[in-house]
Amino acid sequence: MVNTARQSEYKHQTGQVKKVKITRKRSSAFTLGEKMIAVIFAAFVCIASLQIITVQAEIYSTNKDIQDLESTIVAQENVNNDLTIQVSQMSTYERVWEKAKELGLTLNESSVKVVQQP
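All values derive from a computational prediction rather than experimental measurement. Each chain carries its own residue numbering, running from 1 in the written order of its sequence. Residue-level local features of this predicted model are given only where pLDDT is at least 70; pairs of side-chain atoms are given and counted only at 80 or more, and the full residue set underlies all totals for whole chains, interfaces and linings. Computation of side-chain values: all heavy atoms of the structure, hydrogens and water removed.

## Thoughts on the overall build of the chain
From N to C terminus, the chain includes three helices and zero strands. Each of the 118 residues in the chain was classed as buried or not, and the buried ones make up 1%. Each helix is a run of DSSP H or I of at least 4 residues and each strand a run of E of at least 2, with the numbering of both proceeding from the N terminus. Note on exposure labels: buried denotes an accessible area under 20% of the residue type's maximum, exposed denotes more than 50%, and partly exposed covers the range between, all computed with a 1.4 Å probe on protein chains only.

What follows is the structure, encoded as structure tokens:
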């Protein structure tokens, strides 16, 4: 009897032990919100870097066009200066007189009028 009483008490005590579930959370270094913020930040950095590269390429292209135009302007100014010198050489009195003689013109002092420039 004593043994059976102890056995029933023993069974009765083991039945009362609560089973505690130990739930382990997955240990993630970052939460979902932090991951989303990181993805958005990375996308922003990529877009900003692409925008900067695009603007720099446009600036380079514009500077190249400006330099090409400046070199064209310098070349045209040289041509204009050469032509101005050529005009001044061809419009000298001696050259005009030689051309007039070649064409058979003569100088008549009585028909020459002097005009003063204002």
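Having seen it, we continue.
## Comments concerning helix α3 (residues 93–102)
Burial runs low along α3: only one of the 10 residues are buried. Positive backbone phi, at 90 degrees, marks Gly104, one or two positions downstream of α3.

## Some thoughts on the confidence of the model for the chain
pLDDT is defined as a per-residue confidence score from the predictor, taking values between 0 and 100. Averaged over every residue, the pLDDT of the chain is 85; the share at 70 or more is 80%. Taking the mean pLDDT of every element in the chain, the minimum, 57, falls on helix α1 (residues 2–15) and the maximum, 97, on helix α2 (residues 32–90).

## Some remarks on a nonpolar patch on the surface
Patch definition: residues above 30% relative accessible area lacking any salt bridge, with like charges linked at up to 9 Å and the nonpolar side chains Val, Leu, Ile, Met, Phe, Trp and Tyr linked at up to 5 Å. Computed by Shrake-Rupley with a 1.4 Å probe, the accessible areas treat only the displayed protein chains as cover when residues are assessed. The working definition used for a salt bridge is a side-chain nitrogen of Lys or Arg within 4 Å of a carboxyl oxygen of Asp or Glu. A cluster of nonpolar side chains, namely Phe41, Phe44 and Val45, defines an oily patch on the protein surface of about 340 Å² accessible area. Within the fold, Val45 resides in helix α2. The partly exposed category is assigned to Val45, whose relative accessible area is 39%.

## Let's talk about the pattern of salt bridges
Within this structure, the stated rule accounts for one salt bridge. A salt bridge links Glu102 to Lys99, with the nearest nitrogen and oxygen atoms 3.8 Å apart. In this pair, Glu102 and Lys99 both sit in helix α3, three residues apart, roughly one turn of the helix. Residue Lys99 is classed as partly exposed on the basis of its relative accessible area, which comes to 38%.

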